[in-house]
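# Descriptive structure summary
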Amino acid sequence: MSQATDIDAGSTVAIIGGGQAGAEAATLLRQNGHKGRIILFGEEKHLPYMRPPLSKAYLAGEIGADALIYKAPVAYEKAGVELRLGERVAGIDREARRLRLESGESVAYDKLVIAAGGRARELSVPGAKLRNIFYLRTIADVELLQPQLQPGRRLVIVGGGYVGLEFAAVAIKRGLRVTVLEGAPRVLARVTAPEVSAFYERFHRAAGVEIRTGVAVSGFTPGPDGENVGAVQCGDGLSVAADFVLVGIGLVPNTELAEEAGLVIDGGILVDDVSRTSDPDIFAIGDCAVHARHGFLQRKMRLESVPNALEQARTVAAVIAGKPAPAATAPWFWSDQYDLKLQMAGISEGYDELAIRGSTEGSSFIAFYLKDGRVIAADAINRPAEFMASKRLIADRAKVSAKDLADDSVPLKSLIAAAAAAA
Ligand SMILES: Cc1cc2nc3c(=O)[nH]c(=O)nc-3n(C[C@H](O)[C@H](O)[C@H](O)COP(=O)(O)OP(=O)(O)OC[C@H]3O[C@@H](n4cnc5c(N)ncnc54)[C@H](O)[C@@H]3O)c2cc1C
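These numbers were taken from a predicted model, which means no experiment stands behind them. (Residues numbered from 1 in each chain as written. Predicted model: local features only at pLDDT ≥ 70, side-chain atom pairs only at ≥ 80, totals over all residues. Heavy atoms only, no water.)

### Re helix H11 (residues 412-422)
For H11, the set of buried residues is Leu-412, Leu-415, Ile-416 and Ala-419. Burial along H11 is one-sided: seen end-on, the buried residues are contained in an arc of 105°. Of the exposed residues in H11, those oriented more than 90 degrees away from the buried face are Lys-413 and Ala-421. Buried-residue contacts for H11 involve strand S23 (353-359), strand S24 (364-371), helix H9 (384-395) and helix H10 (402-406). (Buried < 20%, exposed > 50% of the residue type's maximum accessible area, 1.4 Å probe, protein only. Helix = DSSP H or I, 4+ residues; strand = E, 2+ residues; numbered from the N terminus. Arc of directions from axis to C-beta. Contact = heavy atoms within 4.5 Å.)

Set out below in structure tokens:
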């Protein structure tokens, strides 16, 4: 037995947060050969589950709660992970290397992984505490929302991002009357080109969703009972009647524990290229972490996506177990609305050229974003095979002409090969 294994046998890794990032890190630690204790603390009482279906198939009632479970209990048993669900960590004592649980218990750690995710950003306007104003982050949130999804009810969604639009797609199919209010001049403004936003706006409107952009919500007023929301008020004097409201305006990373412990926070818990925080024994992964310099993007970035959560989990599991960290890859994401499967890779911000392959008049196309002649991002709608090729173009930072990218008769694989040969 090597000396390293002996040292390992005594070490405890504690993980704060039972989302996909925490669950993945816990089980992979063992696969990577960690010999000591692994303890996972999850505030929610559920087994670690996948959030993406909460605004898609699960919300629509197409899958049950069982299908949300990320890993079966046997996976944790096999990996010897101590699952402490329904337990909130209330404090980190870095000097003593101990966690303080809300129950009062104190638990020692040698290495700590913070995978605390985030919470829905709240809208702080007058009337925001009225009843029937909802947020969507957890299974518990969906349980509150499900009874509201009755045909004919008037739903106002504040925020035309992914969560708001996915919710709109499910609700309109159920026969609700749906209005989306978006503050920016177009939906998905932070993440896509105007052409892609226009496509989604058209699609939603054709399905019956009313979309109003450039609208600032200024408050909520009660309905006749004085308790439930009755209307959403907007800055321009517009008032939209509502039986219930979904607010989908983004996420606040859960950084408080880290901040109280004195770790560096900068729009998230700041981590280096192996997800280590300013304390060498503490790592942070998933939605709560901000990459000081993302390994692929080479810029500061906080990512809210399952692929990023899992990639960071893989990194910390390897590094804590004494293995080399896997190489960083281009971020990617997906969104399902109606029968549209959107898959996005790379970060389009800062692009100077756009190439559309296929037509935004149909329901299958790819928007390629280029900067200085190189592909930096792609949004693929209903083109899963070509999405894989697009990821490769982005990974290779391929130099490709916008004309060829836009030409459906030129196979993307030939562009990958040509760019590689020219590099
Ligand atoms: C409705 C919705 C749809 C989404 N759709 C997509 C999608 O289509 N594609 C995609 O890539 N991503 C999607 N996302 C984002 C994705 O789900 C997140 O990026 C991912 O869940 C992040 O995982 P995480 O483990 O970092 O955080 P989380 O999933 O937030 O898990 C963190 C966990 O830590 C717990 N916790 C926090 N503090 C403590 C504490 N002090 N003690 C104990 N436990 C604590 C929290 O309760 C939570 O359970 C979606 C998110 C939502 C809400």
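Further notes follow.
### A closer look at the UniProt feature "domain: Reductase C-terminal" (unreviewed entry) in the protein chain
The positions that UniProt labels "domain: Reductase C-terminal" (unreviewed entry) are, in the present scheme, residues 332-415. Taken end to end, residues 332-415 comprises 25% helix and 43% strand; its first and last C-alpha atoms sit 21 Å apart. (UniProt positions renumbered as here; feature names shortened; annotations may be inferred.)

### Re the domain arrangement of the protein chain
For the protein chain, the assigned domains are domain 1 (3-119 + 252-320), domain 2 (133-249) and domain 3 (339-422). Between the C-alpha centres of domain 1 and domain 2 the distance comes to 32 Å. Taken over both partners, the interface formed by domain 1 and domain 2 buries close to 1,300 Å², and the fraction arising from carbon and sulfur atoms is 60%. Three residues, Leu-54, Ser-55 and Leu-59, lead the burial of domain 1 against domain 2; their summed loss comes to 41% of the area buried on that side. Taken together, domain 1 and domain 2 are joined by two salt bridges. Where Lys-56 meets Glu-166, a salt bridge forms, and the shortest distance between an N and an O atom there is 3.1 Å. Put simply, domain 1 and domain 2 have eight residue pairs in polar contact (both at pLDDT 80 or more) between them. In terms of residue class, the side of domain 1 that touches domain 2 is built from six nonpolar, four polar and four charged. (Domains from an automatic or database assignment. Buried area = accessible area lost by both parts, 1.4 Å probe. Salt bridge = Lys/Arg side-chain N within 4 Å of Asp/Glu carboxyl O. Polar contact = N/O pair within 3.5 Å; in protein donor to acceptor, adjacent residues only side chain to side chain. Nonpolar A, V, L, I, M, F, W, Y, C, P; charged D, E, K, R; others polar.)

### Quick notes on unusual backbone geometry
The phi angle of most residues is negative, glycine excepted, and most peptide bonds adopt the trans form. The phi torsion at Gln-298 lies on the positive side, around 60°, for a residue other than glycine. Secondary-structure assignment places Gln-298 in the loop between strand S20 (289-291) and helix H8 (306-320). Its identity is not glycine, yet Tyr-338 carries a phi of approximately 50°, on the positive side.

### Some words on the nonpolar core
Leu-155, Phe-167, Val-178 and Tyr-200 are the most contacted members of the largest nonpolar core, which totals 43 residues. Tallying contributions element by element places helix H5 (residues 162-173) first for this core, with eight residues. Discounting residues that sit within four places of it in the chain, Leu-155 has contacts with Phe-167, Ala-171, Leu-176, Arg-177, Val-178, Thr-179, Phe-244, Val-245 and Leu-246. Ala-345, Val-375, Leu-393 and Ile-416 belong to the second largest nonpolar core, which has 27 residues in total. (Core = buried A, V, L, I, M, F, W, Y, C linked by side-chain atoms within 4.5 Å.)

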